[in-house]
Amino acid sequence: MGTVVLTMKAFVIEMFLVLLVTGIHSNKEMTKKIKRPKFAVPQINCDVKAGKIINPEFIVKCPAGCQDPKYHVYGTGIYASYSSVCGAAVHSGVLNNSGGKILVRKVAGQSGYKGSYSNGVQSLSLPRWRESFIISESKPKKDVTYPSSLTYSSARTPAAKAGKCLYETTKANAKPSVPGTTAQPVTLMQIPEAEATPATLPKPSLLAASATSSPRLQPFGHRSREMAAFQKPIGADVSLGETDLWKPGAVLLDAGFVPKEELSTQSLEPVSQGDPNCKVDLSFLIDGSSSIGKRRFRIQKQFLADVAQALDIGPAGPLMGIVQYGDNPATQFNLKTHMNSQDLKAAIEKITQRGGLSNVGRAISFMTKNFFSKANGNRGNAPNVAVVVVDGWPTDKVEETSRLARESGINIFFVTIEAAVEHEKQHVVEPNFANKAVCRTNGYYSFNVQSWFGLRKTVQPLMKRVCDTNRLACSKTCLNSADIGFVIDGSSSVGTSNFRTVLQFVANLSKEFEISDTDTRIGAVQYTYEQRLEFGFDKYNTKTDILNAIKRVGYWSGGTSTGAAIHYALEQLFKKSKPNKRKLMILITDGRSYDDVRIPAMAAHQKGVITYAVGVAWAAQDELEVIATHPARDHSFFVDEFDNLYKSVPKIIQNICTEFNSQPRN
């Protein structure tokens, strides 16, 4: 009996073990058969903006061709949500122009989105925007489930014309995309027109969104996620929970609650103020001659459009106008006609070819006299730049007109396409014309393009040089680049009335210069036996303030120690001169000095101070020549009466400018 019991127990145990092993094996087989559903990556078009997508974090697939400039991008690294998602991905380098998958994460809005050119995409600058996003490679984070379909903010569609759409938030999968959770989907629900009128909208109240909250209806008529970030929201703060994780407290505007009078479906395009790192007033002189032909003229227009796109045109950045030349030049549009790159490109497309010869010299003369005027949008505080595009060679001379342009402060660049080959050089009117025209002959201002088909490659290197305002050497002219110190004789022999005449002479000279903190600056010293600093270079920075300060100078009276006055001016005035400024001393005296002037004058010359000596009445001409910079005939002046001082003003200004413009251009 015991044996039977033992046998039965052994059998039961054996059967249990068989069933256990079989169950485990079956479970493994079932596990193999049940596969996890494959994650479907949503696809979007190149024009989809991040602000249109409500999901705070998602993976999407971009198509090819999103490098096109029509897909606007704002910012660098961190992009404003008004940007094309795929365009930003190409700009950031995560994608190339062939498309692919990317990971997008929303972050807080910020101020000062910086424009830049990267990977074939020109992003634009933007003062501020309320939402941003970051692009990275499409590597899913561990324990994060990404949405297989995207949730878009409201937009009126043809189907919605008969009624208004409301968003209904479903309870399923209500949590946001944070580790271990799934993003909440949103479905569209059609509501009859009578039920969705503004009069029936519930009054907004402060609500805290949560994963378990009941469905919340939002009026269709609220502003889309791209609405103006610069307008103050109306109403109290609420928490958006699932759609605004990066903000501790969002506002009613974002939640969709907007007063009836503000209901709108229109998105406000953010207007770029332009790239402040490239603040130049730019003129393109384009070739419209008959020899260029229609095909090459179209290539030239495409080149201009590429430049307009690369520049990020705006009132705080570069402004651009175009002059077309043939037999005669004509302004296509001036600096203030178009204030953004998009409008400028549209205007370029409408330009028609003029025909005729390639009279570049005539065009440069026209540009110098007419284009850079205040009436045409010249801002005064931005460098003037002219880029001359020429096919082959000009049919007139450019040297003299270009010299006048340079002396007016215009930085001339030349882009020569398909220059004359050896057997064609006999037809060139002016050999080496580009070097005779450009601002400097060191190669920085000249581009030689072998073929029209290679012109597009010139865009980036040209724009880099045009925007480097520190190297635009011709912006400095004889009238805007000096520190001028007047050393005024206030001795007893001058007298009160004549002293006022001397001050008027100083004012007349000062009026001729462009005065500001960054242009020409004026200082003044009065001397007798002693010396007095009337005002230094950094005291006044407008012409009006300088002229008023000159009027207020009081007559001192005393002896005449001119040598000590020169030494004082070097120590108290010119020691504070800026390194990049020309130093000019203009000394006015009516008699021989009581002290030696030779050593102080030599010290001034050695320190690079260009000295002009102006003598009146009893001044000693031999002493004036010692004080004056060599050659003395260009730097010393004498008049027999104080009332004739004004006659010296034009000659002094002419000599200052002649000396400045005679500097080598290499």
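Residues numbered from 1 in each chain as written. Predicted model: local features only at pLDDT ≥ 70, side-chain atom pairs only at ≥ 80, totals over all residues. Heavy atoms only, no water.

## As for the state of the cysteines
Here comes step 1: Within this structure, the stated rule accounts for 5 disulfides.
Here comes step 2: Two residues share a disulfide in this structure: C278 and C467, whose sulfurs sit 1.9 Å from each other. Here the disulfide of C278 and C467 is left-handed, its torsion about the S-S bond being about -65°. Here C278 is found in the loop between α3 (252-255) and β13 (281-287), whereas its partner C467 is found in helix α9 (residues 459-467), with 189 residues between them in sequence.
Here comes step 3: For C278, a relative accessible area of 1% corresponds to the buried category.
Here comes step 4: Given the relative accessible area of 19%, C467 is considered buried. (Disulfide = S-S within 2.5 Å. Helix = DSSP H or I, 4+ residues; strand = E, 2+ residues; numbered from the N terminus. Buried < 20%, exposed > 50% of the residue type's maximum accessible area, 1.4 Å probe, protein only.)

## What about helix α16 (residues 649-661)?
Here comes step 1: With 13 residues, α16 extends 18 Å from end C-alpha to end C-alpha; this agrees with the ideal 18 Å at 1.5 Å per step.
Here comes step 2: Listed as buried for α16 are V649, I652, I653, N655, I656, C657 and F660.
Here comes step 3: Close packing links the buried residues of α16 with α10 (496-511), β22 (582-589), β23 (609-616), α15 (632-635) and β24 (636-639). (Expected span 1.5 Å × (residues − 1). Contact = heavy atoms within 4.5 Å.)

## Points about the packing of helix α4 (residues 293-311) against helix α5 (residues 341-349)
Here comes step 1: Their axes nearest at 9 Å, the elements α4 and α5 cross at an angle of 175°. As judged from the angle between their axes, α4 and α5 are roughly antiparallel. Listed contacts from α5 to K301, L304, A305, A308 and Q309 of α4 are S341, L344, K345, I348 and E349.
Here comes step 2: The residue inventory of the contact of α4 with α5, partitioned by class, reads 5 nonpolar, 2 polar and 3 charged. (Axes fitted to C-alpha atoms, helices over the stretch in contact; angles between N-to-C directions. Parallel < 35°, antiparallel > 145°, perpendicular 65-115°, else oblique. Nonpolar A, V, L, I, M, F, W, Y, C, P; charged D, E, K, R; others polar.)

## Considerations on the packing of aromatic side chains
Aromatic ring pairs: the centre-centre distance and the angle between the two ring planes describe each pair.
Here comes step 1: Overall, the coordinates contain 13 aromatic pairs when judged by the stated rule.
Here comes step 2: Ring geometry for F413 and Y444: centres 6.5 Å apart, planes at 50°, overall tilted. Of this pair, F413 sits in strand β17 (residues 410-417) while Y444 sits in the loop between α8 (433-437) and β18 (446-449); the two residues are 31 residues apart in sequence, bridging distant segments of the chain. For the residue pair F413 and Y444, the accessibility class agrees, reading buried in each case.
Here comes step 3: An aromatic cluster is defined as three or more aromatic residues linked by ring pairs; in this entry it consists of Y74, Y82 and W129.
Here comes step 4: The lysine or arginine in question, R465, covers the ring of Y444, its NZ or CZ lying 5.3 Å from the ring centre.
Here comes step 5: Across from the ring centre of W556, 4.6 Å away, lies the NZ or CZ of R532, which sits over that ring. (Phe/Tyr/Trp six-rings, centres within 6.5 Å; stacked < 30°, edge-to-face > 60°. Lys NZ or Arg CZ within 6 Å of the ring centre and 35° of its normal.)

## Describing the sheet that holds strand β2 (residues 75-76)
Here comes step 1: Sheet architecture is open: 5 strands sit in the order β1-β4-β7-β3-β2, paired in antiparallel fashion. Every other strand in the sheet has two partners, leaving β1 (57-62) and β2 as the edge strands with one partner each.
Here comes step 2: By the bridge criterion, 6 bridges tie β1 to strand β4 (residues 100-113) in an arrangement that is antiparallel. Looking across to β4, one finds that V60 is bridged to I102.
Here comes step 3: Across the sheet, helix α2 (residues 85-92) touches β1, β2, β3 (78-80), β4 and β7 (126-137), and the angle it forms with β7 is around 70°. (Pairing = 2+ DSSP bridges.)

## Looking at the packing of α10 against helix α11 (residues 543-551)
Here comes step 1: Viewed as axis vectors pointing N to C, α10 and α11 meet at an angle of 170°, and their least axial separation amounts to 9 Å. Between α10 and α11, the interaxial angle falls into the category roughly antiparallel. Within the contact between the two elements, α10 uses R500, L503, V506, A507, S510 and K511 and α11 uses K543, I546, L547, I550 and K551.

## A few points about the sheet that holds strand β16 (residues 384-391)
Here comes step 1: Judged by pairing direction, the sheet is mixed, and its 6 strands sit side by side in the order β15-β14-β13-β16-β17-β18 without closing on themselves. The strands lining the two open edges of the sheet, one partner per strand, are β15 (330-333) and β18. Neighbour-to-neighbour, the strand axes of the sheet open up by a mean angle of 20°, direction not taken into account.
Here comes step 2: Pairing between β16 and β17: 8 bridges, direction parallel. When the bridges of β17 are listed, A386 appears paired with I412.
Here comes step 3: In this fold α4 packs onto β13, β14 (319-325) and β16, with an angle of close to 170° to the strand it touches most, β13.

## Examining the pairing of β4
Within a regular strand, the side chains alternate between the two sheet faces.
Here comes step 1: By the bridge criterion, 10 bridges tie β4 to β7 in an arrangement that is antiparallel. In the strand pairing of β7, V107 is matched with S132.

## Structural notes on the confidence of the model for the protein
Here comes step 1: Model confidence for the protein is summarised by a mean pLDDT of 81, while 76% of its residues fall at 70 or above.
Here comes step 2: A low-confidence stretch, residues 155-267 stays under pLDDT 50, and its non-local contacts, those more than four residues away or across chains, total 195 contacts. (pLDDT = per-residue confidence, 0-100.)

## Some points on the nonpolar core
Here comes step 1: Counting residues in each nonpolar core, the largest one holds 66 residues, and the members touching the most others are F284, M320, I364, V387, F414 and L462.
Here comes step 2: Considering every element that reaches this core, the biggest residue donor is α4, with 7 residues.
Here comes step 3: In this view, V387 contacts L282, S283, F284, L285, F413, V415, L462 and V466; residues no more than four positions away in its chain are not counted.
Here comes step 4: Within the second largest apolar cluster, 41 residues are counted, among which are A482, A549, V616 and L645. (Core = buried A, V, L, I, M, F, W, Y, C linked by side-chain atoms within 4.5 Å.)

## Here we look at the pairing of strand β21 (residues 531-535)
Here comes step 1: As judged from the 4 bridges shared by strand β20 (residues 521-527) and β21, these two strands associate in the antiparallel manner. Its bridge partner lying in β21, A524 is registered against F535.

## Focus on helix α13 (residues 598-606)
Helical periodicity: at 3.6 residues per turn, an α-helix aligns residues three or four positions apart in one direction.
Here comes step 1: Every buried residue belonging to α13 is among P600, A601 and A604, and all of these are buried. Down the axis of α13, the buried side of the element spans an arc of 100°, and every buried residue falls inside it. Seen from the open side of α13, the exposed residues pointing more than 90 degrees away from its buried face are R598, I599 and Q606.
Here comes step 2: In this structure, the buried side of α13 is in contact with α12 (562-572), β23 and α14 (621-627).
Here comes step 3: Looking at the residues trailing α13, positive phi occurs at G608, about 80°. (Arc of directions from axis to C-beta.)

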